[in-house]
There are 4 protein chains.
Amino acid sequence: MSDPEMSVPETADPIARMLANDAASESLGISVVSYAPGEAVVRMTVRDDMLNGFGITHGGLVFALADTAFAIACNEDERITVAAGADITFLRSTGAGDVLTARANRRSRSKRTGLYDVTVSDASDEVVAEFRGRSVTTNRTYPTEE
Amino acid sequence: MSDPEMSVPETADPIARMLANDAASESLGISVVSYAPGEAVVRMTVRDDMLNGFGITHGGLVFALADTAFAIACNEDERITVAAGADITFLRSTGAGDVLTARANRRSRSKRTGLYDVTVSDASDEVVAEFRGRSVTTNRTYPTEE
Amino acid sequence: MSDPEMSVPETADPIARMLANDAASESLGISVVSYAPGEAVVRMTVRDDMLNGFGITHGGLVFALADTAFAIACNEDERITVAAGADITFLRSTGAGDVLTARANRRSRSKRTGLYDVTVSDASDEVVAEFRGRSVTTNRTYPTEE
Amino acid sequence: MSDPEMSVPETADPIARMLANDAASESLGISVVSYAPGEAVVRMTVRDDMLNGFGITHGGLVFALADTAFAIACNEDERITVAAGADITFLRSTGAGDVLTARANRRSRSKRTGLYDVTVSDASDEVVAEFRGRSVTTNRTYPTEE
């Protein structure tokens, strides 16, 4: 972030800027595999400190991975689009060391609202969770500073 | 955890044992305020490393807080109850330093499934998110080791 | 509707006007028990022509009853508020002759959006379904004619 | 149903038997366009008695159409599969005379539970609603009579 020589791509692409500032996704070790308007693929390796009291991946962190994919897929210009809500169904438990991939795809979009499906899979391509996010585009733009 | 003198309560209370092993909630700084069968109150202070690219609390971590409250409220004996799914509606954004409280209450329960409402509020008691979790009770007991 | 002597209450109360025109609820035999801002209670007796192929009440008609309660609870002035979406959990099946009551309560409301919980119960007060509706208030007013 | 000469296909196909007894779908004028394991397409023309107080199709009846598609898609043998719940997002309002088509597709299935997406479109292929149903397979078989 502090290298003045690499500031051009961040300026040009609002998604890149958003990602560069996403401290939560960084602290969860989430990496961005690819993205395009309405789509995103992100990845996370489950760490020991992501397990719940039953020794399986905390559902909140599976949700967080899907939510990051959703945030990338639903933002594509300067206007800020945020999550209005989401539903998740947990299909398979995972554990430490598992590599989870979340793939987001737009299902529909109107002027202000959108619907995105995110499938979370493990390294064997078994589906771990299905997430459906509801987005709302605000009147604010990013970044808000001059 | 390794103090042999305090092992009795953990043995007696499956919830206490579950909480003592919940590394994810611990790493998120979630503290348990209170719990009773079908109920739980938990708390988390939003850290800088919990913010998304827009500088607001990552929705996945708001979900994670609610999910921990849900997990405590839906487990009350040796049988392991897990989340089958959940829906969350985000009502208000929060930021670093905000103290979020999640209050879970059981809405219904049958032999195997349950429904729990979790309200996440900030320090001014403004509602930040409404979560509804769907639980399923497994045939496994906790802990599974001898 | 065309009786000039009874037009005053309909003019005075947008909800009464909305209900007077709700052909779908009328054809389902839904009666309004009570309503107040943010609340509504409605009732329906399950008929033979409301059963699905398994001889139990079609889930869509349980949803329709809850949705009518939701529509009344979320409308309270001239502006038209509609459903953006809803989630329903089915807890108990019912059959012909069962009297179902749906009770809607507002859980939260902002300028444009709202969240309403609707519980559907049978005559023994057993919960049949839990519904959570998401409303959006439009810029249109009711009625739209001059 | 009463023609003894055409009883063979009904006996052979549990879905056909289920549909033949679905009085609710019949009274809503729902016709089955096609079905296969995990899939179904059904259709309904919106009638005057399906409109709500705002003169648009009652959301409960849009849900009912999607729910019938879901029921067909999630049943494929003698065991009875029912809806545990569903979420619907309403994207576009419709009115009397509109022909709505609901297309259901299985997204995942385990031994007892399943997840199905149903898209409801109008005659111009504009999406009216997106529905996601959660199924649970019971231990009962159909029909239960000898």
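Everything that follows concerns the structure shown earlier in this document.
Since we're looking at a predicted model, the values are computed, not measured.

**Q** Explain the overall build of chain A here, please?
**A** Each helix and strand in chain A was counted, giving 4 helices and 6 strands. Helices and strands in chain A line up, N terminus first, as α-α-α-β-β-α-β-β-β-β. A total of 146 residues make up chain A; the buried ones form 46% of that total. Put simply, of all contacts in chain A between residues at least 6 apart along the chain, 64% involve residues at least 24 apart.

**Q** I would appreciate a short explanation of the environment of D:D98 in the present structure.
**A** All names here are of chain D. Counting through the fold element by element, D98 comes out in the loop between β3 (79-90) and β4 (99-109). C-beta crowding within 10 Å serves as the criterion here: with 18 such atoms nearby, D98 is assigned to the partly exposed category. Separated by 25 residues in the primary sequence, D98 and A123 have C-alpha atoms spaced 7.1 Å apart. In this structure D98 touches V46, D122 and A123, once residues within four positions along its chain are discounted.

**Q** Honestly, the relation of the copies chain B and chain A in this entry has me stumped. Any pointers?
**A** Each copy of the chain is related to the other by a rotation around an axis and a translation along that axis. When chain B is fitted to chain A, the residual RMSD is 0.0 Å, and the transformation amounts to a turn of 180° plus an axial shift of 0.0 Å. Considering both components of the superposition, the chain copies are consistent with a two-fold axis. Judged by C-alpha distance, B:D87 is the residue of chain B that lies nearest the rotation axis, at 2.1 Å. A share of 100% of the interface residues of chain B reappears at the interface of chain A, consistent with the copies meeting face to face through the same patch.

**Q** Mind showing me how you'd approach the sheet that holds strand β2 (residues 39-45) of chain C here?
**A** The pairing of strands in a sheet comes from backbone hydrogen bonds and takes either a parallel or an antiparallel form. Spatially, the 12 strands line up as an open sheet ordered β1(C)-β2(C)-β4(C)-β5(C)-β6(C)-β3(C)-β3(D)-β6(D)-β5(D)-β4(D)-β2(D)-β1(D), and their pairing is antiparallel. Both outer strands of the open sheet, β1 (31-36) of chain C together with β1 (31-36) of chain D, are each paired with one neighbouring strand and no more. Sheet twist, expressed as the average angle between the axes of neighbouring strands with direction ignored, equals 20°. Looking at chain direction, β3(D) and strand β6 (residues 127-141) of chain D are connected through 10 bridges and run antiparallel. The residue bridging D:T81 from the neighbouring strand is D:T137, located in β6(D). Where helix α4 (residues 59-74) of chain D meets the sheet, it contacts β3 (79-90) of chain C together with β1, β2 (39-45), β3, β4, β5 (113-121) and β6 of chain D, and its direction lies at approximately 45° from that of β4(D).

**Q** What is the right way to read the interface of chain B and chain A from this model?
**A** When the parts of a complex come together, some accessible area is lost, and that lost area is often used as the size of the interface. The interface of chain B with chain A comprises 33 residues on the first partner and 33 residues on the second. Of all the secondary structure elements, the ones that give two or more residues to the side of chain B that touches chain A are α2 (14-20), α3 (23-27), α4 (59-74) and β3 (79-90) of chain B. Taken together, the residues that form the side of chain B that touches chain A break down as 18 nonpolar, 10 polar and 5 charged. Taken together, the 5 bridges between strand β3 (residues 79-90) of chain A and β3(B) define a ladder with antiparallel strand orientation. Its bridge partner being in β3(B), A:G85 is matched across the sheet by B:T89.

**Q** It is not clear to me how the relation of the copies chain D and chain A should be interpreted in this structure. Could you clarify?
**A** Least-squares fitting of chain D to chain A yields an RMSD of 0.0 Å, with the superposition described by an axial translation of 0.0 Å and a rotation of 180°. Interface overlap between copies is the fraction of interface residues in one copy that are interface residues in the other; for chain D against chain A it reaches 100%, indicating a shared surface.

**Q** Would you take a moment to explain α4(D) for this structure?
**A** Given 3.6 residues to a turn, an α-helix orients residues that are three or four positions apart in the same direction. Between its first and last C-alpha, α4(D) extends 22 Å over 16 residues, near the 22 Å set by a 1.5 Å rise per residue. Among the 16 residues that make up α4(D), 16 are buried, leaving the element largely enclosed by the rest of the structure.

**Q** How should the pairing of β1(D) be read in this particular structure?
**A** The side chains of a regular strand alternate between both faces of the sheet. Residue and element names in this part refer to chain D. Examined bridge by bridge, β1 and β2 share 5 bridges and lie antiparallel to one another. Each bridged residue has a counterpart across the sheet, and for V32 the counterpart in β2 is V42. Turn length for the β1-β2 hairpin, with the two strands adjacent in sequence and antiparallel, is 2 residues, and the turn residue G38 shows positive phi of about 85°.

**Q** Sorry if this is basic, but what is going on with the interface of chain D and chain A here?
**A** Contacts between the two partners involve 11 residues from chain D, matched on the other side by 11 residues from chain A. Among the elements of the structure, β3, β4 and β6 of chain D are those that each provide at least two residues to the side of chain D that touches chain A. For the side of chain D that touches chain A, the leading source of residues is β6(D), giving 4 residues. Among the residues forming the side of chain D that touches chain A, the class breakdown is 3 nonpolar, 3 polar and 5 charged.

Rules of the game
- Residues numbered from 1 in each chain as written.
- Chains lettered and ligands numbered in written order.
- Predicted model: local features only at pLDDT ≥ 70, side-chain atom pairs only at ≥ 80, totals over all residues.
- Helix = DSSP H or I, 4+ residues; strand = E, 2+ residues; numbered from the N terminus.
- Buried ≥ 20, exposed ≤ 12 C-beta atoms within 10 Å, placed from the backbone.
- Contact = placed C-beta atoms within 7 Å.
- Least-squares fit on C-alpha atoms with pLDDT ≥ 70 in both.
- Pairing = 2+ DSSP bridges.
- Axes fitted to C-alpha atoms, helices over the stretch in contact; angles between N-to-C directions.
- Nonpolar A, V, L, I, M, F, W, Y, C, P; charged D, E, K, R; others polar.
- Expected span 1.5 Å × (residues − 1).

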